[in-house]
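Below are the chains, spelled out letter by letter.
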Amino acid sequence: MPVIFHQRVVRIRPGTRTDRAGNSLPNWSPAAVTRLPVGRLSVQPSTQAETAEADRTRVVTGWHVLSAPGTAPDVRSGDRIEYDGLLCEVVGEVARWPDPVTGRTHHVEWTMTRSTG
């Protein structure tokens, strides 16, 4: 196994709650979320942007995450990720790449970002 797949994250998925109108909404309260450690990953920096405003500076940092060949971690759009002491959000869809020989998932890729400010 290549040494680049040595990193770990924790996937955080919200529970659900129902509002007064009967709509199902994400519930991010600590008792409602599920946490799943995910390993055998390569987490690579991909972007950083800074926006200065009159009363604050906003910084958005992003990472591209790849799972090791032969793995298919349970991560999807809408999840949050704890990485290196930071809380990030999965951005966009999670790509599940098929193995051309077996048709099973070869590896998984996603983008995550963290905003401050």
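Please refer to the structure higher up on the page.
Below, the structure is looked at part by part. From a predicted model like this one, the values you see are computed outputs, not experimental measurements.

Calculation notes
Along each chain, residues carry numbers from 1 onward, in the same order as the chain's sequence is written. Since the coordinates come from a predicted model, pLDDT governs what is reported: local features require at least 70, and pairs of side-chain atoms require 80 or more to be given and counted, while whole-chain, interface and lining totals use all residues. Side-chain numbers come from the whole structure's heavy atoms, not from hydrogens or water. Think of it this way: any DSSP run of H or I at least four residues long counts as a helix, any run of E at least two long counts as a strand, and we number them from the N terminus. Throughout this description, buried means an accessible area under 20% of the type-specific maximum (1.4 Å probe, protein chains only), exposed means over 50%, and partly exposed covers the range between. The charged-residue count follows a simple rule in which Lys and Arg add positive charge and Asp and Glu add negative charge, with His and chain termini not counted at all. All charge positions are set by atom: Lys at NZ, Arg at CZ, Asp at CG, Glu at CD. The term salt bridge refers to a pairing of a side-chain nitrogen on Lys or Arg with a carboxyl oxygen on Asp or Glu at a separation within 4 Å. Put simply, two rings from Phe, Tyr or Trp (the six-membered ring, in Trp's case) pair if the centres are within 6.5 Å, and we call them stacked under 30 degrees between planes, edge-to-face over 60, tilted for the rest.

**A word on the overall build of the protein**
Stage number 1. Along the protein, the regular secondary structure elements total zero helices and eight strands.
Stage number 2. In sequence order, the secondary structure elements of the protein are arranged as β-β-β-β-β-β-β-β.
Stage number 3. Over its C-alpha atoms, taken along the principal directions, the protein stretches across nearly 50 × 40 × 20 Å.
Stage number 4. Buried positions account for 31% of the 117 residues belonging to the protein.
Stage number 5. Taking the 14 positively charged and 12 negatively charged side chains of the protein as two groups, their mean positions are separated by 7 Å.

**Thoughts on the pattern of salt bridges**
Stage number 1. Inspection of the entire model under this criterion finds six salt bridges.
Stage number 2. One salt bridge in this structure joins Asp79 and Arg13, with 2.9 Å as the shortest N-O distance. With Asp79 in the loop between strand E5 (57–67) and strand E6 (80–83) and Arg13 in strand E1 (residues 7–13), this residue pair connects regions lying 66 residues apart in the sequence. Comparing Asp79 with Arg13 shows no difference in burial state: the two are buried.
Stage number 3. Among the ionic pairs, Glu53 bridges to Arg56, the shortest N-O distance being 3.4 Å.
Stage number 4. Classification of Arg56 as partly exposed rests on a relative accessible area of 35%.
Stage number 5. Connected through shared salt-bridge partners, Arg11, Arg13, Asp74 and Asp79 make up one network.

**Observations concerning the packing of aromatic side chains**
Stage number 1. For the coordinates displayed, the defined rule picks out one aromatic pair.
Stage number 2. Ring centres of Trp63 and Tyr83 lie 5.9 Å apart, and the angle between their planes is 70°; this geometry places the pair in the edge-to-face category. Taken together, the residues Trp63 in strand E5 and Tyr83 in strand E6 connect sequence positions 20 residues apart. In this pair, the class of Trp63 matches that of Tyr83, namely buried.

**Looking at unusual backbone geometry**
Stage number 1. The backbone phi angle of Arg40 is positive, close to 60°, even though this residue is not glycine.
Stage number 2. One non-glycine residue with positive phi stands out, namely Asp84, at about 55°.
Stage number 3. Assignment of secondary structure puts Asp84 in the loop between E6 and strand E7 (86–98).

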